[in-house]
Amino acid sequence: GYGTGWLCSPRLLITNNHVLPGPDDARTAAAEFDYELRPDGTLRDRVTLSLDPDTLFLTSEPLDYTIVAMGGDTAAFGWIPCFGGADRNVLGEALSIIQHPSGEPKQVALRENRLVDRLPDFLHYETDTAPGSSGSPVFNDAWEVVALHHSGVPRTDAQGRVLRRDGRPTAPGDSDSDIDWIANEGVRISRILEDLRAGPDAAHPLIAELLSAPRPPRPAPERTMAPTRSAQDRATLDLGELDLNALNADPDGRVTLPVTLTLRLKAPEGRPAPVGNRPYLDPADADAARAYYA
């Protein structure tokens, strides 16, 4: 069998409970690092490390996560901090996944992968995955890990039966490719951290290190444009009274909202306006101008 995992602290690996259900499974498993392609398409040399469940092994079947100590030196590899506070995800935001689908070399699913539903313990999103992607980190647009991928979400009928792509209920012997998958599901990192803090091993040095991971620094504030006097050049968004808890505000009260802007660009005097999304080219460049404006 195979799955995906990642370092959630300098010495701990996290994956799904259904990938590593118990300590004995971890003792016979190994973690392969650098299993990915070089720019020229050749495979990098993999680094294989053992797991050390005798030092630490924590698992949760309801939240489908397993955290296990590494048995080798991971200093050469980076790790992904899991910090608490408000979740950094909003409906409609694009989520990205770094994964090993079907046990293949590392792949990254980027963009056009929308967050479609937020549940108390789970997130639903459109990002493509496959068997072997279980245990992958799910990132928001700021590359902050927001979920631990663990399963697909099938379409069901009024009786709760899982449906095939042809609309019929599934039957024994049907494959995953026969099922009508409507989304993928990941366990919210905030819920995993809550579970760890409430558990009996919260004071374990390795868990304490995971829970005290530093929050990544925030970017410097962007410079704003000088205000104009024209009402046509000014827009005001009146949000009224907001429920910051419902909007997942930061501890300091900051709320992140998705905003889409449409800009109408006016060509400089004497120059043709761009067509569609095609860039402006100086008409003096006859060949390029013919290619774009003919």
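See above for the structure.
Rules of the game
Residues numbered from 1 in each chain as written. Predicted model: local features only at pLDDT ≥ 70, side-chain atom pairs only at ≥ 80, totals over all residues. Heavy atoms only, no water. Helix = DSSP H or I, 4+ residues; strand = E, 2+ residues; numbered from the N terminus. Buried < 20%, exposed > 50% of the residue type's maximum accessible area, 1.4 Å probe, protein only. Contact = heavy atoms within 4.5 Å. Areas by Shrake-Rupley, 256 points an atom, 1.4 Å probe, with all protein chains shown as cover. Salt bridge = Lys/Arg side-chain N within 4 Å of Asp/Glu carboxyl O. 1 Å grid on protein atoms, 1.4 Å probe; cavity = no way out; pocket = protein on both sides within 12 Å on 5 of 7 lines; lining within 4 Å. Points joined across faces, edges and corners; volume = space filled by probe spheres on them. Nonpolar A, V, L, I, M, F, W, Y, C, P; charged D, E, K, R; others polar. Pairing = 2+ DSSP bridges. Axes fitted to C-alpha atoms, helices over the stretch in contact; angles between N-to-C directions. Phe/Tyr/Trp six-rings, centres within 6.5 Å; stacked < 30°, edge-to-face > 60°. Patch = residues over 30% accessible without salt bridge, like charges linked within 9 Å, V, L, I, M, F, W, Y side chains within 5 Å.

A. Region of interest: the overall build of the protein. Along the protein, the regular secondary structure elements total 4 helices and 13 strands. Going through the 294 residues of the protein one by one, you find that 35% of them count as buried. For the protein, the share of sequence-separated contacts (at least 6 apart) that also reach a separation of at least 24 residues comes to 62%. Accessible surface, the protein: about 18,200 Å² in total, of which carbon and sulfur atoms supply 51%.

B. Structural view of the side chain of Asn-17. Counting through the fold element by element, Asn-17 comes out in the loop between strand 2 (12–15) and helix 1 (23–27). Given the relative accessible area of 12%, Asn-17 is considered buried. When near neighbours in sequence (up to four residues on either side) are disregarded, Asn-17 contacts Thr-59, Ser-60, Glu-61, Asp-64, Tyr-65 and Thr-66.

C. Region of interest: the pattern of salt bridges. This model, assessed by the stated rule, comprises 7 salt bridges. Glu-32 is paired through a salt bridge with Arg-46; the nearest N and O atoms lie 3.4 Å apart. Within this pair, whereas Glu-32 is found in strand 3 (residues 30–33), its partner Arg-46 is found in the loop between strand 3 and strand 4 (47–50), the two being separated by 14 residues in sequence. Residue classification places Glu-32 among the partly exposed residues on the basis of a relative accessible area of 42%. Relative accessible area serves as the criterion here: at 40%, Arg-46 is assigned to the partly exposed category. Among the charged side chains, a salt-bridge network with shared partners connects Asp-34, Glu-36, Arg-44 and Lys-106.

D. Representation of the layout of surface pockets. Quantified by volume, the largest pocket comes out at close to 960 Å³. Around the largest pocket, the lining comprises 34 residues; the ones closest to its centre are Gly-3, Thr-4, Gly-5, Glu-32 and His-100. Breaking the lining of the largest pocket down by element, the ones donating at least two residues are strand 1 (6–7), strand 2, strand 3 and strand 11 (137–139). Here the lining of the largest pocket gets 4 residues from one element, more than from any other, and that element is strand 3. Of the residues in the lining of the largest pocket, the class split is 18 nonpolar, 12 polar and 4 charged.

E. Here's a closer look at the pairing of strand 5 (residues 57–60). The sheet contact formed by strand 5 and strand 6 (residues 65–69) spans 4 bridges and is antiparallel. Looking at strand 6, one finds that Thr-59 is bridged to Thr-66. With antiparallel pairing between neighbouring strands as the criterion, strand 5 and strand 6 make up a hairpin whose turn holds 4 residues, including Asp-64 at a positive phi of roughly 50 degrees.

F. Representation of the sheet that holds strand 1. In spatial order, the strands read 1-2-6-5; together these 4 strands make up an open sheet with antiparallel pairing. Edge positions in the open sheet fall to strand 1 and strand 5, since each of these has one partner strand only. Sheet contacts for helix 2 (residues 189–198): strand 1, strand 2, strand 5 and strand 6; angle to strand 6, the most-contacted strand, approximately 60 degrees.

G. Looking closely at the packing of aromatic side chains. Following the criterion strictly, the structure yields 2 aromatic pairs and no others. Centroid distance Phe-33 to Phe-77: 4.3 Å. Interplanar angle 20 degrees. Geometry classified as stacked. Of the two residues, Phe-33 sits in strand 3 while Phe-77 sits in the loop between strand 6 and strand 7 (96–99), which places them 44 residues apart along the sequence. Using a relative accessible area of 13% as the deciding quantity, one classes Phe-33 as buried. The class of Phe-77 is buried, set by a relative accessible area of 17%. Pairing Phe-139 with Trp-143 gives two aromatic rings, centres 5.0 Å apart and planes at 55 degrees, and the pair type is tilted.

H. Examining a nonpolar patch on the surface more closely. A cluster of nonpolar residues, Val-108, Leu-110 and Trp-143, forms a patch on the protein surface that exposes about 300 Å² of accessible area. On the secondary structure map, Trp-143 appears in the loop between strand 11 and strand 12 (145–154). Taking the relative accessible area as the measure of exposure, Trp-143 reaches 45% and is therefore partly exposed.

Limitation: the analysis is restricted to geometry and does not speak to function.
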